[in-house]
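Reading the structure
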Amino acid sequence: REHKVQELAGRFVLITFDLDRGNVDGRKLAAALDEFTGGAIRRIYSTNSATHDDKRWRGIVPLIQAERFDTWHALQLALARFLSQRLGVTVDAAAQRAGQVIYLPNTVPQSDGDKKPYKGNSTRITGPLFDWRSAGAVADLVIQIMAEQEEEQRLREQKAAEARSRMAQVRAGGADGERSVIERFNQAHDIEILLAAYGYAEGPRNTWRSPQQTTSSYATKVFRDAGGEYWVSQSAS
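Residues take numbers from 1 onward in each chain, read along the sequence in its written order. Only residues with pLDDT of 70 or above have their local features reported here, since the model is predicted, and side-chain atom pairs are shown and tallied only from 80 upward, although totals for entire chains, interfaces and linings are computed over all residues. Side-chain measures here rest on the full set of heavy atoms in the structure, leaving out hydrogens and waters.

**Topic: the overall build of the chain**
Basically, it comes down to this: The secondary structure listing takes helices from DSSP runs of H or I that are at least 4 residues long and strands from runs of E that are at least 2 residues long, numbered from the N terminus. Radius of gyration here uses only the C-alpha atoms, and the compact-globule reference equals 2.2 Å multiplied by the residue count raised to the power 0.38. Buried residues are those whose accessible area, probed at 1.4 Å on protein chains only, stays under 20% of the maximum for their type, while exposed residues exceed 50% and partly exposed ones sit between those limits. The contact criterion used throughout is that any non-hydrogen atoms of two residues lie within 4.5 Å. Each accessible area is a Shrake-Rupley estimate made with a 1.4 Å probe; only the visible protein chains count as cover when residues are assessed. Think of it this way: Lys and Arg go in the positive column, Asp and Glu in the negative one, and His and the chain ends go nowhere. In plain terms, the charge of a residue is placed at NZ if it is Lys, CZ if Arg, CG if Asp and CD if Glu.
When you go through the chain residue by residue, the secondary structure sums to six helices and eight strands. Reading the chain from its N terminus to its C terminus gives the helix and strand order α-β-α-β-β-α-β-α-α-α-β-β-β-β. Taking 18 Å as the expected radius of gyration for a compact globule of 237 residues, we find that the chain reaches 23 Å, considerably beyond that expectation. Over its C-alpha atoms, taken along the principal directions, the chain stretches across nearly 70 × 50 × 30 Å. Counting all 237 residues of the chain, 32% fall into the buried class. Counting contacts in the chain only where the partners sit at least 6 residues apart, residues at least 24 apart contribute 65% of the total. Of the roughly 15,000 Å² of accessible surface on the chain, a fraction of 51% belongs to carbon and sulfur atoms. A distance of 4 Å separates the average location of the 32 positive side-chain charges in the chain from that of its 30 negative side-chain charges.

Dropping the structure here:
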């Protein structure tokens, strides 16, 4: 279930969505999804945490053929954008990750004080599989998103090249007095020592967990390359 492995080698046969906010009426959601897919086979179902006052949904749409990650990812983004425009909702972006799990329906009884569980289901088991290439406006939206992603990638690579160039200039800058305070601090301190000092817990393969995280995952990772050390966090904490 490594995201990078799935991005490189995976084949994707479904598009999915997860709506945890918005309290959308199931009939409106089904109508919007059918508009997107042209009435293809699909399933929409409520999650186990859904209540009558806070409806939450997941959806699954089988594709007519397996897709590589780049195409599948553009389809996921297109579906999320379409639902947002039609229903004013925000689709959980985690579904756009290559290795993301989406849980199937379950019937475990649930109660939370005065909140009563809500169970909804809208399934179409007859009809065509979703062929986005023949879907007109959807195909145009997918191609538009692919073009946007290519431009974003080009800009990221350009910024990365500029950053590496600036880093090389700073490192060749001469005496410490000519370097910035930040550069001198970074040269004098190791990132992992700093993370430990600030209460981060060390995990496997250069990963760390913030003391502010509410989950048990190690959402911060330390990287080392020709440009030096840096860290990336996938948690808002």
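Structure's up, so let's keep going.
**Quick look at the nonpolar core**
What counts here: We call a set of buried residues a nonpolar core when its members are Ala, Val, Leu, Ile, Met, Phe, Trp, Tyr or Cys and they connect through side-chain atoms within 4.5 Å of each other.
Counting residues in each nonpolar core, the largest one holds 36 residues, and the members touching the most others are Ile15, Phe17, Leu29, Phe36, Trp57, Leu83 and Phe130. At the level of elements, β1 (12–19), α2 (26–37), β3 (57–67), α3 (69–87) and α4 (137–171) are the ones that each hand at least two residues to this core. When residues in this core are grouped by element, the largest group, nine residues, is from α3. Those residues in contact with Leu83 that lie beyond four places of it in its chain are Phe17, Leu29, Ala32, Gly88, Val89 and Val91.

**Quick look at the pattern of salt bridges**
To be explicit about the condition: Criterion for a salt bridge: a side-chain nitrogen of Lys or Arg within 4 Å of a carboxyl oxygen of Asp or Glu.
This structure, assessed with the given rule, holds 13 salt bridges. One salt bridge connects Glu67 with Arg133, and the closest N-O pair in it is separated by 2.6 Å. Here Arg133 lies in the loop between β4 (121–124) and α4 and Glu67 lies in strand β3, a separation of 66 residues in the sequence. Taking relative accessible area as the criterion, Glu67 reaches 5% and is therefore assigned buried. A salt bridge links Glu192 to Arg224; its shortest N-O distance comes to 3.3 Å. With Glu192 in helix α6 (residues 191–197) and Arg224 in strand β7 (residues 220–225), the pair connects residues that are 32 residues apart, well separated along the chain. Judged by relative accessible area, which is 46%, Arg224 ranks as partly exposed. Via salt bridges that share partners, Asp34, Arg42 and Arg124 belong to a single interconnected network.

So, to be careful, I would describe these as geometric facts and stop short of saying anything about function.
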